[in-house]
Amino acid sequence: MKRRAIIYCENQFGSMDGKTANGLIRDPGYYQIGAVIDSTKAGRDAGEYLDKKRNGIPICSSLEEAIRVSKVKPQYFIFGIAPSNAFLQTGEREILKKAMEAGMHIINPLQEFLTDDEEMVEYAEKHGVTIQDIRKPKPKKEWKMFTGRIFQIETPIVAFLGTDGACGKRTTAMIVEQELKRRSFRTAFIATGQTGLIQGASYGLAVDAFPMQYVIGELENEIIKANKIEKPDVILVEGQGALSHPAYGSSFSILKGSRPKAVILQHPPKRKVLGDFPFMKMPSLRSELELIEYVGHTKVISITLNHEGMTEREIERTILEYEQQFQLPTTDVLLKGPEKVADSIIEFFPSLKQKQQEMSRMVAI
């Protein structure tokens, strides 16, 4: 059975900093979400607010209301905000304590580890609940260095990178994965951030929890493990940040650790400045594409859009413009579907194209 949960996302649901909550509403993974807490959007349906698709999950003004309206008593309290500094803000400790008082286990995606906080640990013990720090790395003695074994993997590896942080890379990757599965391809998804891990990804790590040299080795190890256990037709790797980003090195580590032969590049056309760094202009799509291909010795094979701030007409026009300019299939997977991206992956890798042809022949017979 799925774990019953409510998500805290005060003042951030639907925004960049609410990306953990947003992701869990779109794909709750392990969890059955009973409510979202954000008093600034109280009374709305979470699915309708996020994607204009009602899902029956109410947005509430308080913890008490969220517990009351949940169809079944929630077992877990998920902190759904992902601020750039990744630490609790004023008043957030108290809401966590109230959740524990109500008998809920805490799922914490921040870099402030609550299991290292004596007061919070004692509070959890007092109320018979647990705290899970999603970003907390395993013991240092278990960390892996890069070995080069990734070069021996023949399975196609595709990375989903972007021009900024919080622009939809994980969402796009997971939607494309579902489309490939629908076409009977075996997939392995490698999570690289807290949301994917909360959703229940079997393989991956929070890349910003490790020093860069270990991120590369740990990511390589996760891909090797997934390839051995799952025997997938294709491996999909979630991206983080952007290769050109002045503050984050995660995309560099992901390129080094996963060595993708192909990249899907996600871009928010209306975003003028970097999400958490408004003093920095967004890179151009072309400059990011060229940088990725040069640094990663790889090929961008499709462009995907984040439609924030865009009208339907602007989305259509941008898709046509990018396809003409870059000669690459372009789409918005949330609004237009993932078919173009899945087609580009299959077309790029001979092994996938061959399997598709074999499946088509079997159907014909």
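That block above? That's the structure.
Residues numbered from 1 in each chain as written. Predicted model: local features only at pLDDT ≥ 70, side-chain atom pairs only at ≥ 80, totals over all residues. Heavy atoms only, no water.

Visitor: Describe in detail the pattern of salt bridges, supporting the description with residues and values.
Guide: Scanning the entire structure with this criterion turns up 26 salt bridges. Note that E312 and K336 form a salt bridge whose closest N and O atoms lie 2.6 Å from each other. One end of the pair, E312, is in helix α11 (residues 312-326); the other, K336, is in helix α12 (residues 333-336), with 24 residues separating them in the sequence. The residue K336 makes a salt bridge to E316 at a minimum N-O spacing of 2.4 Å. Here K336 is found in helix α12, whereas its partner E316 is found in helix α11, with 20 residues between them in sequence. (Salt bridge = Lys/Arg side-chain N within 4 Å of Asp/Glu carboxyl O. Helix = DSSP H or I, 4+ residues; strand = E, 2+ residues; numbered from the N terminus.)

Visitor: Describe the packing of aromatic side chains, listing the residues and the values that go with them.
Guide: For any pair of aromatic rings, the description rests on two quantities: the centre-to-centre distance and the angle between the ring planes. Applying the stated rule across the entire model yields twelve aromatic pairs. When the ring of F146 is compared with that of F151, the centres are 6.1 Å apart and the planes differ by 85°; the resulting orientation is edge-to-face. Judged by relative accessible area, which is 55%, F151 ranks as exposed. Ring centres of Y248 and F277 lie 5.8 Å apart, and the angle between their planes is 75°; on these two criteria the pair is classed as edge-to-face. Taken together, the residues Y248 in the loop between β10 (234-238) and α9 (250-258) and F277 in strand β13 (residues 277-281) connect sequence positions 29 residues apart. (Phe/Tyr/Trp six-rings, centres within 6.5 Å; stacked < 30°, edge-to-face > 60°. Buried < 20%, exposed > 50% of the residue type's maximum accessible area, 1.4 Å probe, protein only.)

Visitor: Tell me about the packing of helix α8 (residues 212-230) against α9, and please be specific about residues and values.
Guide: Think of two packed helices as two axes; the pair is described by the angle between the axes and how far apart they sit. Contact geometry of α8 with α9 gives a least axis separation of 8 Å together with a crossing angle of 45°. The pairing of α8 with α9 is recorded here as oblique in orientation. In terms of crossing hand, the pair formed by α8 and α9 is right-handed. Packed against α8, whose contacting residues are M212, V215, I216, L219, E220 and I223, the element α9 presents F252, S253, I254, K256, G257 and S258 at the interface. Here the contact of α8 with α9 is built from residues that sort into seven nonpolar, three polar and two charged. (Axes fitted to C-alpha atoms, helices over the stretch in contact; angles between N-to-C directions. Parallel < 35°, antiparallel > 145°, perpendicular 65-115°, else oblique. Left-handed = near helix turned anticlockwise from the far one by under 90°. Contact = heavy atoms within 4.5 Å. Nonpolar A, V, L, I, M, F, W, Y, C, P; charged D, E, K, R; others polar.)

Don't take any of this as a statement about function, it's just geometry.
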